[in-house]
There are 2 protein chains.
Amino acid sequence: MRRAKLGSFVMVLTAIAAGIMVCMAFAAGAADEEAAPIFGITIPPGYRDWKLISVAHEEGKLNDLRAILGNEVGIKAYRDGKLPFPEGTIIARLAWKYVASEENNKVFGRNQSFVPGPAPEWYLQFMVKDSRKYAATGGWGFAQFNKEGKPADEALHKSCFPCHEPAKARDFVFTRYAP
Amino acid sequence: MRRAKLGSFVMVLTAIAAGIMVCMAFAAGAADEEAAPIFGITIPPGYRDWKLISVAHEEGKLNDLRAILGNEVGIKAYRDGKLPFPEGTIIARLAWKYVASEENNKVFGRNQSFVPGPAPEWYLQFMVKDSRKYAATGGWGFAQFNKEGKPADEALHKSCFPCHEPAKARDFVFTRYAP
């Protein structure tokens, strides 16, 4: 009887352990997302549905077309002209390689149309406002990810804030709202 | 007595007429929006909050940066890869003059950054899917407005569909979704 009881006990333990493992596997799958170094930021869910702040074209080494989107807090701050940006603001920058559109150019009859091509090395960037957590970097956390959601390394993330410092008068944000 | 009664009657009539005039002025103010010729399209409320389909840069005479947004029906169709676009699809094209960003270029240390400038002549364009109403133009209605919400003239609106015809295989829509 004692042995039988021990047997059931082990079975129950094994079942619990199996359950935990399945659960962890699911969690890892759901996370799937590795946090960016230094700032610990993961890709905010639903960012592709956010409202448009502006667009831009960067030439040179970047050579991209980009869209800048904002979460609700961020868009509201932009539209109200509120500076500094309130806690919880997230600004997303999506970029695509700058490529000529052959099909559009055929219609225009000249080479004039440039559209989003494949994702560049760092497809996604985020700025997250949390004045306490990111006090050392102007109240902003920074994160860069490739198309597969893999974050850039620590060295690259160290370069974010120094580059944004010249925009201190606008709370370290370069992008202006496109009305 | 009779004259006094007539007097009050005229006063009441005058008051009613004044009320109607105020009401009409309000209605005109609320409308404010003149419908585009041929297709009778007015600016859809809330379009600036719509989700992003893509971005582009047109050189040449247009020389703009543009964002293409879609209403819920349109975005869903794009994401599902659904062609032809379902009834009720609206695609919005916002454009801004293509200007160099001096402040960004200072940070980059070279002239590479281009951002939205002032509104061009035709700031806003819409394509509205209504297969019955717009049967003669591929099921699409077209509309162009300036920054003040004033539509372009009939001649310009006549040029929309012929220009979009080469994109027949993609239901007359040039823009592809930027993933």
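For the structure itself, look to the data block above.
Cut-offs and rules
Residues numbered from 1 in each chain as written. Chains lettered and ligands numbered in written order. Predicted model: local features only at pLDDT ≥ 70, side-chain atom pairs only at ≥ 80, totals over all residues. Heavy atoms only, no water. Helix = DSSP H or I, 4+ residues; strand = E, 2+ residues; numbered from the N terminus. Buried < 20%, exposed > 50% of the residue type's maximum accessible area, 1.4 Å probe, protein only. Contact = heavy atoms within 4.5 Å. Core = buried A, V, L, I, M, F, W, Y, C linked by side-chain atoms within 4.5 Å. Lys, Arg positive; Asp, Glu negative; His and termini not counted. Salt bridge = Lys/Arg side-chain N within 4 Å of Asp/Glu carboxyl O. Polar contact = N/O pair within 3.5 Å; in protein donor to acceptor, adjacent residues only side chain to side chain. Least-squares fit on C-alpha atoms with pLDDT ≥ 70 in both. Phe/Tyr/Trp six-rings, centres within 6.5 Å; stacked < 30°, edge-to-face > 60°. Lys NZ or Arg CZ within 6 Å of the ring centre and 35° of its normal. Buried area = accessible area lost by both parts, 1.4 Å probe. Arc of directions from axis to C-beta.

Student: So what about the overall build of chain A? Which residues, and what values?
Tutor: Within chain A one finds five helices and six strands. Overall, chain A shows an N-to-C arrangement of helices and strands of α-β-β-α-β-α-β-β-β-α-α. Expressed as a percentage of the 179 residues in chain A, the buried residues total 44%. Excluding contacts between residues fewer than 6 apart, the proportion of contacts in chain A whose partners are at least 24 apart in sequence is 54%.

Student: For the nonpolar core, give the residues involved together with the corresponding values.
Tutor: Counting 78 residues, the largest nonpolar core has Leu52 and Phe126 of chain A together with Leu52 and Phe126 of chain B as the members making the most contacts within it. If near-sequence neighbours (up to four positions away) are discounted, Leu52 of chain B is found in contact with Arg48, Leu52, Ala67, Leu69 and Trp96 of chain A together with Ala67, Ile68, Leu69, Ile75 and Tyr177 of chain B.

Student: Residues and numbers for the side chain of Arg93 of chain B, please.
Tutor: Residue and element names in this part refer to chain B. Summarising the element assignment, Arg93 is placed in strand β3 (residues 90-100). For the buried Arg93, which has no salt bridge, the nearest side chain bearing the opposite charge is Asp64, at an N-O separation of 5.3 Å. A polar contact is formed between the side chain of Arg93 and the backbone oxygen of Trp122, at a distance of 3.3 Å. Beyond its immediate stretch of four places on either side in the chain, Arg93 contacts Arg66, Ala67, Ile68, Trp122, Tyr123, Leu124 and Gln125.

Student: Hey, could you go over the relation of the copies chain A and chain B for me, with residue numbers and the actual values?
Tutor: Think of it as a corkscrew move, a rotation about one axis and a shift along it, taking one chain copy to the other. Overlaying chain A with chain B gives an RMSD of 0.0 Å, the required rotation being 180° about an axis along which the chain moves by 0.0 Å. Here the copies are linked by what is in effect a two-fold axis. Considering only C-alpha atoms, the residue of chain A closest to the rotation axis is Lys51 of chain A, which sits at 3.0 Å. Most of the interface of chain A is mirrored in chain B: 100% of its interface residues are interface residues there too.

Student: Could you give me a rundown of the packing of aromatic side chains, with the residues and numbers involved?
Tutor: Residue and element names in this part refer to chain A. All told, the structure shown has 21 aromatic pairs over all chains when counted by the stated rule. An angle of 65° between the planes, with centres 5.0 Å apart, marks the rings of Tyr78 and Phe85 as edge-to-face. Given a relative accessible area of 12%, Tyr78 falls into the buried group. What makes Phe85 buried here is its relative accessible area of 5%. With 5.2 Å between their ring centres and 55° between their planes, Phe161 and Phe172 make a pair best called tilted. One end of the pair, Phe161, is in helix α5 (residues 160-164); the other, Phe172, is in the segment after α5, with eleven residues separating them in the sequence. With a relative accessible area of 12%, Phe161 lands in the buried category. Members of the aromatic cluster, joined through ring pairs, are Phe39, Tyr134, Phe142, Phe161 and Phe172. The ring of Tyr123 carries the charged tip of Lys147 above its face, separated from the ring centre by 4.3 Å.

Student: Break down the interface of chain A and chain B for me, citing the residues and quoting the values.
Tutor: Counting residues at the interface gives 41 residues for chain A and 41 residues for chain B. In this assembly, chain A packs against chain B so that about 3300 Å² is buried in total across both faces, 52% of it on carbon and sulfur atoms. The largest contributions to the chain A side of the interface with chain B come from Arg48, Leu52 and Val55 of chain A, which together make up 17% of the buried area. In this assembly, chain A and chain B are joined by seven salt bridges.

Student: Can you explain helix α2 (residues 72-80) of chain B? Please cite residues and give values.
Tutor: Residue and element names in this part refer to chain B. Among all positions of α2, only Gly74, Ile75, Ala77 and Tyr78 are buried. The buried residues of α2 occupy an angular sector of 160° when the element is viewed end-on, so they sit on one face. Exposed residues lying more than 90 degrees from the buried face of α2 are Glu72 and Lys76. Contact partners of the buried residues in α2: β1 (51-58), β2 (64-70) and β3.

Keep in mind these values describe shape, not function.
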